[in-house]
Each structure stands twice: as structure tokens, then as C-alpha cells.
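Single-letter residue listing:
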Amino acid sequence: GAGVSQSPSNKVTEKGKDVELRCDPISGHTALYWYRQRLGQGLEFLIYFQGNSAPDKSGLPSDRFSAERTGESVSTLTIQRTQQEDSAVYLCASRGPISGNTIYFGEGSWLTVV
Amino acid sequence: EDQVTQSPEALRLQEGESSSLNCSYTVSGLRGLFWYRQDPGKGPEFLFTLYSAGEEKEKERLKATLTKKESFLHITAPKPEDSATYLCAVQAKYSSASKIIFGSGTRLSIRP
């Protein structure tokens, strides 16, 4: 696609429920990143994919967080047993051979845990 | 440890009043330095990538410059639509591709 697409754009969930956030990277982009941004704060790295493998998962805050990528395309970030502190915007970015080192972001998925 | 520090945290300017935002970085060799603009409720929008000291890039009223220790984003004669948070990020040369570290941003507000 023309840009990075994320869904849902907004999600309100009850504490304890699981949520799945989806990212469609720019077509042809082999690298994919997930970041978290709490209200009024900076970007916090979560996980990086090169192709379908995740060589760096160091930013995942707990074992409630997991992510996968299939077909060197779509990625899903799953948060199990959500807590109120998980409320944030989850941003996906991708990078490809033509973009060099530059990563391009989607509009984010806003998660509110009540 | 690789670090990025942006200053000031917030900046209020009058329309037409030029100024500069600072991004200081500490990395073990710079692969790239990136500037993004983020509007409320939106994802970061790419502005510039700089690779080596002395490099400059321009786009409309914005100009980014790079030294061995810091980068500046110069805003000339800003307009209210330039109001946004400006983010700086760096990627170190001798680290994995995942290590793109962001600063906490500068919130810029331009009064008409």
C-alpha cells in the first residue's frame, strides 16, 4: 500500500481482556517496528521484525505482550490480560530497500483500558 | 549508552519569529539522524534524514543541520500550521537495525 496502515484506530477494552492490533506495512518493506507512546511521552521501542523473524524483542514490557509477522507483510501485536497501564498509542513503522535507514510510521492504534 | 536529548521541551513563538530546536545525541558512531513531525492524535511524519556532520537539508520553512554531537531544526518565519511536536531519533552505526532511539520531543506552538 501507499503508507503504513494500522487497525483498529481506536480500541476501548475492559481490564483483563486480550486485544490484537494489526499493522500493514508499506509494500516491499522488509523491516517492521512496533513502538508504544504513552500520553505526552516519547516513543518506546517494543519489537523489530526483519522479514518474518524478530531478532530484537527486547522492548516488550512483559510476557503479556507478543507479536508475530506473516508473509513478510502483516504484523499483529497481541496484549493479553490488559492492564490500565497498557493504555497508550501503539505505533507501527516500516523500512525497505528504497527508504534506506528511514522508517515510516502509521497513524497508530489508540488503546484505552478501562 | 546511546542517548538522545531534545531541548527545549516546549517552545511558544509568535508567527514569523524564527528559532531553532536542539537535538543532542551520544552514540558510538552515527548511522543516521532523523527528524519527524507529530501532530496530536497522529503518527510521526518523516521530515529529514542526516548522515554526516556538515550535512544540511531543507523543506519549506524547515532546515536541519548536523554536527558530531548535535542537530538543529531551524524554523524560519513560522506559521501557525507549523505547530506540532518535533521528534529527533538516531541510529547507531555499530548496533542492530532495531536500535532507533527517539528523544522525548519539542512541543512547538506558533501564535497568530
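Residues numbered from 1 in each chain as written. Chains lettered and ligands numbered in written order. Predicted model: local features only at pLDDT ≥ 70, side-chain atom pairs only at ≥ 80, totals over all residues. Heavy atoms only, no water.

Which parts of the structure should I look at to understand the overall build of chain B?
Assigned secondary structure in chain B consists of zero helices and 11 strands. Along chain B, helices and strands appear, N-terminal first, in the series β-β-β-β-β-β-β-β-β-β-β. Taken against the 2.2 N^0.38 rule, which gives 13 Å for 112 residues, the C-alpha radius of gyration of chain B at 14 Å falls within 12% of a compact globule. Contacts in chain B between residues at least 24 apart in sequence constitute 56% of all its contacts with a sequence separation of at least 6. For chain B, the accessible area works out to roughly 5500 Å², and carbon and sulfur atoms hold 47% of it. (Helix = DSSP H or I, 4+ residues; strand = E, 2+ residues; numbered from the N terminus. Rg over C-alpha atoms; globule rule 2.2 N^0.38 Å. Contact = heavy atoms within 4.5 Å. Areas by Shrake-Rupley, 256 points an atom, 1.4 Å probe, with all protein chains shown as cover.)

Help me understand the pairing of strand β9 (residues 88–95) of chain A, please; the structure alone is not making it clear to me.
Side-chain direction in a regular strand flips from residue to residue, so the side chains alternate between the two faces of the sheet. Residue and element names in this part refer to chain A. Buried residues dominate β9, accounting for eight of its eight residues. The two faces of β9 match: Ala-88, Tyr-90, Cys-92 and Ser-94 on one face and Val-89, Leu-91, Ala-93 and Arg-95 on the other face are all buried. Pairing geometry for strand β4 (residues 31–37) and β9, over seven bridges, is antiparallel. Pairing of Tyr-35 across the sheet is with Leu-91, part of β9. As defined by bridge partners, β9 adjoins strand β11 (residues 109–113) across three bridges and the pair is classed as antiparallel. Looking across to β11, one finds that Val-89 is bridged to Trp-110. Of the pairings in the sheet, the one linking β9 to strand β10 (residues 104–105) comprises two bridges and is antiparallel in character. Counterpart to Ser-94 in the pairing with β10 is Tyr-104. (Buried < 20%, exposed > 50% of the residue type's maximum accessible area, 1.4 Å probe, protein only. Pairing = 2+ DSSP bridges.)

What is the right way to look at the interface of chain A and chain B in this model?
As a measure of interface size, the accessible area lost when the parts come together is often cited. The partner chain B presents 21 residues to the 19 residues of chain A that form the contact. Buried area between chain A and chain B, both sides added, is near 1600 Å², and the carbon and sulfur share of it is 54%. Between chain A and chain B we count zero salt bridges in total. Our enumeration of links across chain A and chain B arrives at five residue pairs in polar contact (both at pLDDT 80 or more). When its residues are assigned to classes, the side of chain A that touches chain B shows 10 nonpolar, six polar and three charged. (Buried area = accessible area lost by both parts, 1.4 Å probe. Salt bridge = Lys/Arg side-chain N within 4 Å of Asp/Glu carboxyl O. Polar contact = N/O pair within 3.5 Å; in protein donor to acceptor, adjacent residues only side chain to side chain. Nonpolar A, V, L, I, M, F, W, Y, C, P; charged D, E, K, R; others polar.)

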